[in-house]
Amino acid sequence: MLKLEHIKKSYTVGSNKQVVLKKVSLSFRQNEFVAILGPSGSGKTTLLNIIGGLDNYDSGDLIINGKSTKKFKAPDWDAYRNNTVGFIFQSYNLISHISVLENVEMGMTLSGVGPKQRKKKALELLKKVGLVEHAHKKPNQLSGGQMQRVAIARALANDPDIILADEPTGALDTKTSKQIMELIKEIAKEKLVIMVTHNPTLASNYATRIVEMQDGNILSDSNPLENSQENENFMIKKTAMSFLTALKLSFNNIKTKKGRTALTAFASSIGIIGIALILSLSNGFNIEVENFERDSLSSSPIMITEEAMQVDEEMVSKMQNKQESLEKYSDKDKIYKQENVMNSMLHTNNITEDYVEYIKNINKNDISGYALQTATSFNIINHTDNDYEMVTTTNYQLAPWTLLPTKVGEEGMVESTYDVLAGEVNDEEPGLVLIVDSRNRVSETTLKQLGLDGEEFSFDDILNKELKIVLNDDYYKKVGDNFIPSNDLKSLYNNENSITLKVTAILRGKEDKEIITGTSGLAYTNALTDLVVQKNKDSEIVKAQEEADYNVLTNEPFDEENTKDDMLAYLGAESMPIAIYIYPKDFESKDNVTAYLDKYNDNKDEEDMIEYTDMAEMISSLSGSIMDAITIVLIAFSSISLVVSCIMIGIITYISVLERTKEIGILRALGARKKDIRRVFNAETFIIGLFSGLLGIVIAYLLTCPANMIIENLSGLADVAKLNPLHALLLIAVSMILTIIGGAIPANMASKKDPVEALRTE
Ligand code: ADP
Ligand code: MG
């Protein structure tokens, strides 16, 4: 069944070529116990290794069941070793870090036998060699004879046709040797056993055929086989190691060097710790900044004013590129006009009736309020003791009145931003509210506007105070073609047509909203504007102004700065808002609102477009990008330690390859492919990578506690550092990938090791 034809083998060491086998031809029967006898160095082991497919012959042919092996590829040899031959070595060659049972199972594991069947078969074999009660011991807990029995059980595991034994009793005492030989003799009853020995007594006592070798030649053969019958149905089953097996093997190996593995994992986790901390800090700061912006900016309105500033990236780059062609510090004696960048950034909005309609149709779920500011002036008179005074409401240097947003939905912008200290807010009624600062203060000008004088006031002092809005027809008296305001303030104040105006509520910005509600003063409702416009739009002066093309108050002609429309708006003729303030409900709905506003501009000419200003967006985009830049720089620094750990893993794996060389040889002898060996070491780095990633994340997570304490001490911000679970997972993956990359070269080296040499290492 096995036939060697003119097998030649030589080794070259340096320039010295040694022929070890000189045209050896031998045939074996299906079923015999052949002893190969010969002095040390005669080429017995080499012959056996060639028969077992561990070593390659130079020329000649090895014929298995009538099939030539000349065209065998590596996988064919692997499969041949796995399921056609079983090896028994002088030094047992068991894998020391897995149990006796697992050692016996290994060959079956490689050929893909299921775990249950594998275990059953292995226990059966261990029983046969008398070691079933030692199945769960590690090999080094056994005696030499016992170890050799395990090796015999392992050799039999895949039911090979051929058992190859290289001085199986060479390391055993006489008594144990006899027991082992009996066992092998038993096996030889149903298999072809080829045993190498230099002990003639052993050979003659047990073998059925003795082949003597000397200097690479067959010297004699006690029972040669001539003209053997060939049957050509030789089948071999391909082998493969699953990644799980590789993992298990490496995990058991790693368990034998816990300390070193822990140190390695810790060292390579340092980069991960660094990056995890940076990410959790920047993540935390981002959340902090975002929350701050949410609180402070979400209630700042989106503004649509007559002139909108566009500060987007495009604009900024345009600004920087302008006139760049002009040389700096030039020698030319020329002067240039500087382009006005501001002009190109300003957009004039023409707020139309359509647009106001469009704004009023915003999804009510997205906004908490809106305010439409018109240019209408109020003719307001206050009453102090015995005096009457006109109230200025529009002078920006003093205390301008602001517009209270009209509530939309359940909780309006006013409720969410202010505490009501007294009275009631009703934005559907024409009225005023007084907004005080965090210390309940208002400016002197505001008090003066209300007609109050003093240092301290009760809420009632404020709520009881009355102002009067005088209608145009009472206020403006016609004199010729012109109108002049009346100065009999007392009778105007007491005129029954005049509208009584009261402060209906006192508001103070909520504690956490102090930044945006800092300014104090009076605010009026949209309803007040509507009422005044309604009363004044048909007044004498409005009608006169509509007809005249000069200013009926000053008698001056109109120009670009002071238009008739402005004047009409001022007098309260029905007019368009000059500014619209939209209060998004929260940060998310703000995007909906801006999307809605952007949609209006679709397919519109530049001049008809309405641009809005979104301060919140401008500020947050700036702070976000600064944060990101800092994070990237820090991560780049920490990544250096990842590179270092990558190299370190490479070195550690290389050491492991050196340590496990014997194991590589054993696995190859059992039929493991090169790929499987690579897999074993990849599994090792996989485990270390996973471990160091997990360790890094755990340590980083623990470190966020002291980090948070320090930050809280320094800045008062609590719980800033937060590790995003997604980042954690990603970092573990990075750690695993990096260690696998680091271990790839040594793993590849391991897979290329020559099995015979690997077996020979100690
Ligand atoms: P035996 O098993 O009969 O003692 P071997 O087959 O081990 O002999 O070795 C036969 C000869 O081949 C010896 O001289 C040994 O030095 C040489 N030899 C074996 N393997 C190698 C090798 N890998 N490289 C170089 N020489 C080798
Ligand atoms: Mg030998």
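One can find the structure itself at the top, above this paragraph.
All right, on to the pairing of strand β15 (residues 380-384) then. Consecutive residues of a regular strand have side chains that alternate between opposite faces of the sheet. Judged from the five bridges that link them, β15 and strand β16 (residues 387-391) form a sheet pairing that is antiparallel. Residue His 383 lies in a different strand from β16, and its bridge partner there is Tyr 388. Connecting β15 to the antiparallel partner β16 that follows it, the hairpin turn spans two residues, and Asp 385 within it adopts a positive phi of roughly 40°. Across two bridges, the pairing between β15 and strand β21 (residues 466-469) is antiparallel. Residue Ile 380 lies in a different strand from β21, and its bridge partner there is Ile 469.

Let's shift gears to the packing of aromatic side chains. If you walk through the whole model with that rule in mind, you get 12 aromatic pairs. Ring plane angle 85° and centroid distance 5.6 Å describe the contact between Phe 243 and Phe 686, whose orientation is recorded as edge-to-face. One end of the pair, Phe 243, is in helix α8 (residues 243-255); the other, Phe 686, is in helix α24 (residues 674-715), and 443 residues separate them in sequence. The class for Phe 686 is partly exposed, based on a relative accessible area of 22%. For the ring pair Phe 378 and Tyr 524, a centre distance of 5.2 Å and an interplane angle of 90° mean the geometry is edge-to-face. With a gap of 146 residues between them, Phe 378 in the loop between β14 (367-373) and β15 and Tyr 524 in strand β25 (residues 521-525) connect regions that are remote in the sequence.

So, about unusual backbone geometry. Phi is positive for Lys 23, which is not a glycine, with a value near 50°. With respect to the helices and strands, Lys 23 occurs in strand β2 (residues 16-28). Lys 23 sits in the exposed class, given a relative accessible area of 55%. Positive phi, normally seen in glycine, also occurs at Asp 159, with a value near 50°. Checked against the element boundaries, Asp 159 lands in the loop between α5 (144-156) and β7 (162-166).

Before going further, it helps to spend a moment on helix α12 (residues 353-360). Residues of α12 that are buried include every one of Tyr 355, Val 356, Tyr 358 and Ile 359, and no others. All buried residues of α12 lie within an arc of 155° about the axis, which places them on one face of the element. Summarising the geometry of α12, the exposed residues directed more than 90 degrees from the buried face are Glu 353 and Asp 354. Contacts made by the buried residues of α12 are with β11 (302-305), β14, β26 (579-584) and α21 (587-600).

Surrounding ligand 1, one finds 13 residues, the nearest of these being Gln 18, Gly 41, Lys 44, Thr 45 and Thr 46. Contacts to ligand 1 include Ser 42, whose backbone N or O atom sits 3.2 Å from an oxygen atom. A distance of 2.6 Å separates an oxygen atom of ligand 1 from a polar side-chain atom of Thr 45. Here ligand 1, which alone exposes 560 Å², has 73% of that area covered by the protein. Broken down by secondary-structure element, the contributors of at least two residues to the shell around ligand 1 are β1 (2-13), β2 and α1 (44-51).

This paragraph deals with a negative patch on the surface. Taken together, Asp 385, Asp 387, Glu 389, Glu 444, Asp 453, Glu 455 and Glu 456 make up a surface patch of like negative charges. Mapped onto the elements of the fold, Glu 455 is located in the loop between α14 (444-450) and α15 (459-463). We classify Glu 455 as exposed; its relative accessible area is 80%.

In terms of nonpolar packing, the biggest core is built from 58 residues, with Leu 2 and Ile 194 touching the most fellow members. In terms of residue count, the dominant contributor to this core is α24 (six residues). Counting the residues that make up this core, at least three belong to each of domain 1 (2-238) and domain 2 (254-297 + 622-760). For Leu 2, the contacting residues outside a window of four places in its chain are Leu 26, Ser 27, Phe 28, Ile 51, Leu 62, Ile 63, Ile 64, Tyr 80, Ile 162, Leu 192 and Ile 194. Judged by nonpolar contacts, the second largest core, of 41 residues, contains Ala 157, Ile 187, Met 195 and Ala 207.

Thresholds, definitions, all that
- Residues numbered from 1 in each chain as written.
- Chains lettered and ligands numbered in written order.
- Predicted model: local features only at pLDDT ≥ 70, side-chain atom pairs only at ≥ 80, totals over all residues.
- Heavy atoms only, no water.
- Pairing = 2+ DSSP bridges.
- Helix = DSSP H or I, 4+ residues; strand = E, 2+ residues; numbered from the N terminus.
- Phe/Tyr/Trp six-rings, centres within 6.5 Å; stacked < 30°, edge-to-face > 60°.
- Buried < 20%, exposed > 50% of the residue type's maximum accessible area, 1.4 Å probe, protein only.
- Arc of directions from axis to C-beta.
- Contact = heavy atoms within 4.5 Å.
- Near = heavy atom within 4 Å.
- Polar contact = N/O pair within 3.5 Å; in protein donor to acceptor, adjacent residues only side chain to side chain.
- Areas by Shrake-Rupley, 256 points an atom, 1.4 Å probe, with all protein chains shown as cover.
- Patch = residues over 30% accessible without salt bridge, like charges linked within 9 Å, V, L, I, M, F, W, Y side chains within 5 Å.
- Salt bridge = Lys/Arg side-chain N within 4 Å of Asp/Glu carboxyl O.
- Lys, Arg positive; Asp, Glu negative; His and termini not counted.
- Charge placed at Lys NZ, Arg CZ, Asp CG, Glu CD.
- Core = buried A, V, L, I, M, F, W, Y, C linked by side-chain atoms within 4.5 Å.
- Domains from an automatic or database assignment.

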